[in-house]
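Descriptive structure summary
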Amino acid sequence: MTVIVRFAPSPTGHLHIGNLRTALFNWLFAEKNSGRFVLRFDDTDAERSRREFADMIETDLAWIGIAPHAVIRQSERLDHYAAAAARLKQAGLLYPCYETPDELDRKRKRLAARNLPPVYGREALRLSNAEKQVFEAEGRRPHWRFLLPNFASDPHAPQRTDIHWDDLIRGPQTVDLGSLSDPVLMRGDGSYLYTLPSIVDDGETGVTHVIRGDDHVTNTGVQIAIFRALGLDAPVFGHHNLLTAIGGEGLSKRTGALSLKSLRESGCEPMAVASLAVLVGLSGSIEPMSDLAALAERLRFEDVSPSASKFDPGELDRLNGEIVHALPYAGVAERLAAMGVPDERGEMFWQAVRGNCAKLADAAEWARIVFGDLADKPDLSGDDQAFVEAARELLPEGAFGPETWRAWTGRVKEATGRKGKPLFMPLRLALTGLDHGPELAALLPLIGRERTIARLS
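Okay, so let's go over this structure. What you are looking at is a predicted structure, and each value in this text was computed from that prediction instead of being measured.

1. Considerations on the overall build of the protein
For the protein, the count of helices and strands is 18 helices and twelve strands. Compactness check: the protein gives a C-alpha radius of gyration of 32 Å against a globular reference of 23 Å for 457 residues, more than 25% above the reference. Counting only C-alpha atoms, the protein reaches 105 × 45 × 40 Å along its principal axes. Split into buried and exposed, the 457 residues of the protein put 46% on the buried side. Sequence separation of 24 or more characterises 74% of the internal contacts of the protein that already satisfy a separation of 6 or more. Split by element, the accessible area of the protein, about 21,700 Å² in all, is 50% carbon and sulfur. In the protein, the 54 positive side-chain charges and the 63 negative ones have mean positions that sit 3 Å from each other.

2. Points about unusual backbone geometry
Of all residues except glycine, most have a negative phi; of all peptide bonds, most are trans. Notably, Ser34 is not glycine yet its phi reads approximately 50°, a positive angle. Here Ser34 shows up in the loop between α1 (17-32) and β2 (36-41). If you check the backbone angles, Arg122 has positive phi at about 60° while not being a glycine. Following the sequence through the fold, Arg122 ends up in the loop between α4 (101-113) and α5 (129-137).

3. Notes on the sheet that holds strand β8 (residues 184-186)
Taking strand neighbours across the sheet as the criterion, the three strands line up as β4-β5-β8 in an open arrangement whose pairing is antiparallel. Only two strands of the sheet have a single neighbouring strand rather than two, namely β4 (94-97) and β8. Here the strands of the sheet are splayed against their neighbours by 45° on average, with no regard to which way each runs. Of the pairings in the sheet, the one linking β4 to strand β5 (residues 143-146) comprises four bridges and is antiparallel in character. In the sheet register, Tyr95 faces β5, and the bridge partner there is Arg145.

4. Re the pairing of strand β7 (residues 171-176)
Taken residue by residue, a regular strand's side chains alternate between the two faces of the sheet. The pairing of strand β6 (residues 162-167) with β7 spans six bridges and is classified as antiparallel. For Asp167, the partnering residue across the bridge sits in β7 and is Gly171.

5. Focus on helix α17 (residues 421-432)
For α17, with twelve residues, the first-to-last C-alpha span of 15 Å sits near the 16 Å given by 1.5 Å per residue. Of the positions making up α17, those classed as buried are Leu423, Pro426, Leu427, Arg428, Ala430, Leu431 and Thr432. Backbone geometry just after α17 places Gly433 at a positive phi near 80°.

6. Describing the packing of α1 against helix α9 (residues 270-279)
The axes of two packed helices give the description: the angle between them and the distance between them. It is the contact of α1 with α9, at a shortest axis distance of 9 Å, that shows an interaxial angle of 85°. Comparing their axes, α9 and α1 come out roughly perpendicular. Along the contact surface, α1 presents Ile17, Leu20, Arg21, Leu24, Phe25 and Leu28, while α9 presents Val273, Ala274, Ala277 and Val278. Class assignment for the residues of the contact of α1 with α9 results in nine nonpolar, no polar and one charged.

7. Remarks on the packing of helix α6 (residues 195-204) against helix α7 (residues 217-229)
Running from N to C, α6 and α7 point in directions that differ by 60°, and their axes come no closer than 10 Å. As judged from the angle between their axes, α6 and α7 are oblique. The chirality of how α6 crosses α7 is right-handed. Packed against α6, whose contacting residues are Thr195, Ile199, Asp202 and Gly203, the element α7 presents Gln223, Ile226 and Phe227 at the interface.

8. Notes on the pattern of salt bridges
Scanning all chains against the criterion turns up 29 salt bridges. Here Glu302 makes a salt bridge to Arg300, at a shortest N to O gap of 3.1 Å. Judged by relative accessible area, which is 40%, Arg300 ranks as partly exposed. In this structure, Asp384 engages Arg418 in a salt bridge whose closest nitrogen and oxygen atoms are separated by 2.9 Å. Here the residue Asp384 occupies a position in helix α15 (residues 382-393), and Arg418 occupies one in the loop between α16 (404-416) and α17, the gap between them amounting to 34 residues. One salt-bridge network, held together by shared partners, links Arg6, Arg40, Asp42, Arg77, Asp201, Asp202 and Glu204.

9. Comments concerning the environment of Gly346
Positionally, Gly346 belongs in helix α13 (residues 343-353). Counting along the chain gives 21 residues from Gly346 to Ala367, while the straight-line C-alpha distance between them is 9.9 Å. Setting aside anything within four residues of it in sequence, one finds Gly346 in contact with Tyr329, Leu336 and Val341.

10. Things to note about the nonpolar core
Ranked by size, the top nonpolar core spans 91 residues in total, and within it Ile17, Leu24, Val273, Phe349, Trp350 and Trp408 carry the most contacts. Of all the elements, α1 adds the most residues to this core, at nine residues. Once residues within four sequence positions are removed from consideration, Ile17 is found in contact with Leu243, Leu251, Leu258, Leu260, Leu263, Val273, Ala277 and Phe311. Leu94, Leu148, Ile163 and Leu180 belong to the second largest nonpolar core, which has 32 residues in total.

Reading guide: rules and limits
- Residues numbered from 1 in each chain as written.
- Predicted model: local features only at pLDDT ≥ 70, side-chain atom pairs only at ≥ 80, totals over all residues.
- Heavy atoms only, no water.
- Helix = DSSP H or I, 4+ residues; strand = E, 2+ residues; numbered from the N terminus.
- Rg over C-alpha atoms; globule rule 2.2 N^0.38 Å.
- Buried < 20%, exposed > 50% of the residue type's maximum accessible area, 1.4 Å probe, protein only.
- Contact = heavy atoms within 4.5 Å.
- Areas by Shrake-Rupley, 256 points an atom, 1.4 Å probe, with all protein chains shown as cover.
- Lys, Arg positive; Asp, Glu negative; His and termini not counted.
- Charge placed at Lys NZ, Arg CZ, Asp CG, Glu CD.
- Pairing = 2+ DSSP bridges.
- Axes fitted to C-alpha atoms, helices over the stretch in contact; angles between N-to-C directions.
- Expected span 1.5 Å × (residues − 1).
- Parallel < 35°, antiparallel > 145°, perpendicular 65-115°, else oblique.
- Nonpolar A, V, L, I, M, F, W, Y, C, P; charged D, E, K, R; others polar.
- Left-handed = near helix turned anticlockwise from the far one by under 90°.
- Salt bridge = Lys/Arg side-chain N within 4 Å of Asp/Glu carboxyl O.
- Core = buried A, V, L, I, M, F, W, Y, C linked by side-chain atoms within 4.5 Å.

Below, the structure is given as structure tokens:
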């Protein structure tokens, strides 16, 4: 059996880090099992789905390194869902209901007042054809519910009906269909909710494993029942814990919280984002993985925590910094060239500044400082200004090299009596305009004699 998984976002907004967690759990599982990863756009909601969001989702996944083996759009498969709905109607398993949202809300409130669970009572099954015609004449259009197999002979006498499955992540699971309402599969306007198209696509495209967030656990029992009603083989289900923001609130495509687009534009490295998306909430340390293959080796479903995990932006900054500090020059050469770093000085520059870059984009500021003009002259005290000018006169002759800084500051120390911070800080301020940064021994040869003399003047 070839493993086939799917990632099924609705193209109604930007992917966030929680969506990426699900995508990566599926992608990495498929990679470890030489399987296939299907990207399926659940875009049957014509009002909210946008092609530009679908395109952005593909861009986001490509940035991380995920390349789908196939792309499916539900909006192009509506005839398949209509055929499945017709089969369920013919079997008496999909029935019309005429209650308005207000009427359903009042029913739920009455049940709650009696301390009863808010389970739909299947009142629509009692309607006669004449009563249905009256509703139709009033302009009501029915929504359609799936009749759960949770009764012996009388649908108005539901009984405990357990659906069992061995969850890929959570282990043995049970859902009692007798405690649930018949799910709505079709709206009054004829459009489909998530459930029916998803089941039809999973069945018809041969999906073998559905790996998704644990907010779908309760839905799984219902979906297994619908798979069976349609004569389709149910896949293996796996439910992972969800990610929340650091304050505990949920993530949303609509708000753009922690969207991949914003993380990418802020200069995050894709493997920093991928590493944290997968490893947060797993046992073991959270460390930056070199690539997706290494991340796949770290992902063990038995290590996934059963409780929600919080996404800490500070942790992302740490991982990103570690990745940037370890990047070889060959991996950043093109991006440094785009920042104006001369090719012949590129490797020396990167070795000098990478330890001071939390993000690769930070190197652009150091390129400006090293190879350009300082935006503002540092404000030095009278004594420090005189010290800097004296230091200028003590610069060694010839081209600057790795030993120039040591030789120069040795001369300055001997001539002025300064040492430690009083010696080094005025020189750093004069040469870079900042009171922190890379080792000046590495920067001085890059700044060069001409710029050094100008800055010390």
